[in-house]
Amino acid sequence: MGTPLRRVSPLARHAPWVLRRRLGAGALLALVAVPLLWTALEALTTGSTAAAWRSLAQEPALAPAALLTLWTGLASTLLAWWGAAALLARGFVRQRLARLLRGLPLMLATPHAALAIGLLFLLAPSGWLLRALSPWLTGFDSPPPWPTTQDPWGLGLIAALVIKEIPFLLWTAATQLQRDDVRQRWRAEHALAQTLGYAPRRAFWLVLWPQLSTRLRWPLLAVLAYGLTVVDMALVIGPATPPTLAVLAWQWLQDAEPATYAQGAAAGGLLALMVLACSALWLAAQQLQRKALAHGHGLRGSPARTPGTDTGLWLLVGVYAAVLLALAVGSVSGVWAFPAVWPQNFTTAAWRQVAQSSGTVFTTLWLASGSSAIALVWSVAWLELAPRRWDEALRPLLYLPLVLPAVLWVVGLYGVGLQLRLEGQAGGLLIAHTLMVLPYVLLALSPAYLGFDPRYAQLNASLGRSGRAFLLRVKWPLLKRSLASAAAVGFAVSVAQYLPTLYVGAGRFASVTTEAVTLASGGQRSLTSAYAGLQLALPVLAFALAAWLGRPRRFRNTAA
């Protein structure tokens, strides 16, 4: 008798394919995890000396700077979180989410520094707002000595952060609602809650918001970390005496004295501890809030409380429109004496000077294009190859650049660049930008990519088509809108990078953002506005290109 045939299990049949996928995912992980961990370790060891911490503890400006940092970071995060939640509730209840999200690409494309510069020109004592009220209402013939910007309470910085972060939170929430299964399930749950007597808004807060807020955990922590550690916006519109702790650390890091540099790195480490503590407290408070909402206490709410106007949305749109107008007019202004509302004459001298700095624009473009393309390719490959449990377990590592303070992160990047002799080199600067861009691209792409309907793959396999054909002919074409949007987000993040360009570039590479932030501290209104306008225009063009590339396919009726 012959040898009996053994039945081959499906697991054994697919073992080589699974092994190849895991090896590919491991290679991708090593490609990113090694520089991320190396950078984090270098940053932590630079500021970990006892002498640096003793010097930091003896610094008189430490306590007021730390308290101001906590106030501005926590207040801006809380207001942005509340504002985004209120707008989402209103849009979902009134079924106007599409209208709510229509203007988000332009708001997302606005870099932090450009928004701060525009607000500065609006709110400064010689700004447009006071010019519109003078002298007929205020009686002022000259700018008053009011601390409307760079105020000691940090109110200007809080306002700028809230205005910038609300669109980001709205957009990340929209990526969750793009999944058809999630949207339909939440709509059904919302309708079911209303049949039990709950008002539409009350049903949203009790049923949908606890689920959505859990999915927004990482975007929220990114907003909190940025609010506590922001440098570029704080330099433009933040308090100066004392500054925030991030600005203080940045000033120490610019010192050539090794002891002062180490003190700045220690201040970055202190910022990291503050971010960690605030994040833990925030997540604990969220957990308590979810438990309180889960009980509901039987309160149904009143349908009459549903608002009839979109005041918050129009206010947000109005602020961005005013900022854009302020930058546009400021970039072509000549002589502009107070309290004249409009310049006495217009000139294109600032734009001619910008045109002469073509190298700055070219550097910005190739850095943003290269880093966003690399981050997009890596993110697609990772989401395609990595097992789901790997992805969930490693997200904290991949999101390190989001939650670590920027001043501490650039210390690590600079140290790694020195060891690899990449400091001041184009390749080193591209790597630094890619590491900063990658978490945002992964965060933007994950909901749509991971929520792709698996039945398409099953149908493709039943037709005998290969996996490559499925990706090229089915999956990626259907996800082209999400892919293009994620690339545009990466482009905008790279354009907005200030500290990595400054430190890793070692002064050899100037970008539009470094020029705009540097000019903001001077008195050249027109040139500052021109650079800020260009800093805004580049991401806007990227989002416009993404919208064009991601437009739905239209089929013509060819029937006779």
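Residues numbered from 1 in each chain as written. Predicted model: local features only at pLDDT ≥ 70, side-chain atom pairs only at ≥ 80, totals over all residues. Heavy atoms only, no water.

Time to look at the overall build of the protein. Scanning the protein for helices and strands turns up 28 helices and zero strands. Seen through its principal axes, the protein has C-alpha atoms that stretch 105 × 65 × 60 Å. Burial statistics for the protein: of 560 residues in total, 51% are counted as buried. Excluding contacts between residues fewer than 6 apart, the proportion of contacts in the protein whose partners are at least 24 apart in sequence is 82%. In the form shown here, the protein has an accessible surface area of approximately 26900 Å², with 65% of it arising from carbon and sulfur atoms. (Helix = DSSP H or I, 4+ residues; strand = E, 2+ residues; numbered from the N terminus. Buried < 20%, exposed > 50% of the residue type's maximum accessible area, 1.4 Å probe, protein only. Contact = heavy atoms within 4.5 Å. Areas by Shrake-Rupley, 256 points an atom, 1.4 Å probe, with all protein chains shown as cover.)

A few words now on helix 25 (residues 480-495). The α-helix advances 3.6 residues per turn, and as a result positions three or four apart in sequence lie on the same side. Look at helix 25: 22 Å from first C-alpha to last across 16 residues, which is about the 22 Å you get at 1.5 Å a residue. Among the 16 residues that make up helix 25, 12 are buried, leaving the element largely enclosed by the rest of the structure. When we look at burial in helix 25, the residues that qualify are S482, L483, A484, A486, A488, V489, G490, F491, A492, V493, S494 and V495. In this structure, the buried residues of helix 25 make contact with helix 9 (155-177), helix 18 (358-385), helix 22 (426-450), helix 24 (467-478), helix 27 (512-520) and helix 28 (525-549). (Expected span 1.5 Å × (residues − 1).)

The next point concerns helix 12 (residues 217-229). With 13 residues, helix 12 extends 18 Å from end C-alpha to end C-alpha; this agrees with the ideal 18 Å at 1.5 Å per step. Here helix 12 has its buried residues at W218, P219, L220, L221, A222, V223, L224, A225, Y226, G227, L228 and T229.

Take the confidence of the model for the protein next. Any residue range with low pLDDT should be treated as having predicted coordinates unsuitable for detailed reading. When the pLDDT values of the protein are averaged, the result is 85; 92% of them are 70 or greater. Of all helices and strands in the protein, the one with the weakest mean pLDDT is helix 1 (residues 10-13) (46), whereas helix 18 scores best (94). (pLDDT = per-residue confidence, 0-100.)

Look at the link from S134 to P135: it is a cis peptide, with omega at -5°. Its location among the elements puts P135 in the loop between helix 8 (128-132) and helix 9. The omega angle of the peptide bond from F338 to P339 is 10°, so this bond is cis rather than trans. Relative to the assigned elements, P339 resides in the loop between helix 16 (311-331) and helix 17 (349-356). Here R421, not a glycine, exhibits a phi torsion of approximately 60°, which is positive. Phi is positive for A506, which is not a glycine, with a value near 55°.

It is worth spelling out the packing of aromatic side chains at this point. Counted under the stated rule, the structure contains 12 aromatic pairs. Grouping aromatic residues by their ring pairs yields a cluster made of W81, F204, W205 and W209. When the ring centre of F121 is taken as origin, the NZ or CZ atom of R525, which lies over that ring, is 5.0 Å away. (Phe/Tyr/Trp six-rings, centres within 6.5 Å; stacked < 30°, edge-to-face > 60°. Lys NZ or Arg CZ within 6 Å of the ring centre and 35° of its normal.)

With that settled, consider the packing of helix 9 against helix 12. Put simply, helix 9 and helix 12 touch, their axes get as near as 10 Å, and they point 165° apart. Taken together, helix 9 and helix 12 sit at an angle that is classed as roughly antiparallel. The crossing of helix 9 and helix 12 is right-handed. Where helix 9 approaches helix 12, its residues L161, E165, F168, L169 and T172 are matched on the opposing element by P219, L220, V223, Y226 and G227. Here the contact of helix 9 with helix 12 is composed, by residue class, of seven nonpolar, two polar and one charged. (Axes fitted to C-alpha atoms, helices over the stretch in contact; angles between N-to-C directions. Parallel < 35°, antiparallel > 145°, perpendicular 65-115°, else oblique. Left-handed = near helix turned anticlockwise from the far one by under 90°. Nonpolar A, V, L, I, M, F, W, Y, C, P; charged D, E, K, R; others polar.)

Using the criterion set out here, one finds three salt bridges in the structure. Note that R395 and D391 form a salt bridge whose closest N and O atoms lie 2.8 Å from each other. Here the residue R395 and the residue D391 both occupy positions in helix 19 (residues 388-398), the gap between them amounting to four residues, near one helical turn. With relative accessibility at 10%, the residue R395 sits in the buried group. (Salt bridge = Lys/Arg side-chain N within 4 Å of Asp/Glu carboxyl O.)

Now for the packing of helix 23 (residues 455-462) against helix 24. For any two helices packed against each other, the geometry comes down to the angle between their axes and how far apart the axes lie. With their axes 11 Å apart at the nearest point, helix 23 and helix 24 run at an angle of 160° to one another. Judged by the inter-axis angle, helix 23 sits roughly antiparallel to helix 24. Judged by the sense of rotation from one axis to the other, the crossing of helix 23 with helix 24 is right-handed. On helix 24, the residues that touch Y456, A457 and N460 of helix 23 are F470, V474 and L478.

A few words on the nonpolar core. Counting residues in each nonpolar core, the largest one holds 145 residues, and the members touching the most others are L88 and W382. Not counting residues within four places of it along the chain, the set of residues in contact with L88 comprises L97, L100, L170, A173, F204, W209 and L212. Within the second largest apolar cluster, 28 residues are counted, among which are A249, W252, V407 and L499. (Core = buried A, V, L, I, M, F, W, Y, C linked by side-chain atoms within 4.5 Å.)

Moving on, we come to a nonpolar patch on the surface. Among the surface-exposed residues, V34, W38 and L420 lie close enough to one another that they form a single nonpolar patch of about 250 Å² accessible area. Looking at the secondary structure, you find L420 in the loop between helix 21 (406-419) and helix 22. (Patch = residues over 30% accessible without salt bridge, like charges linked within 9 Å, V, L, I, M, F, W, Y side chains within 5 Å.)

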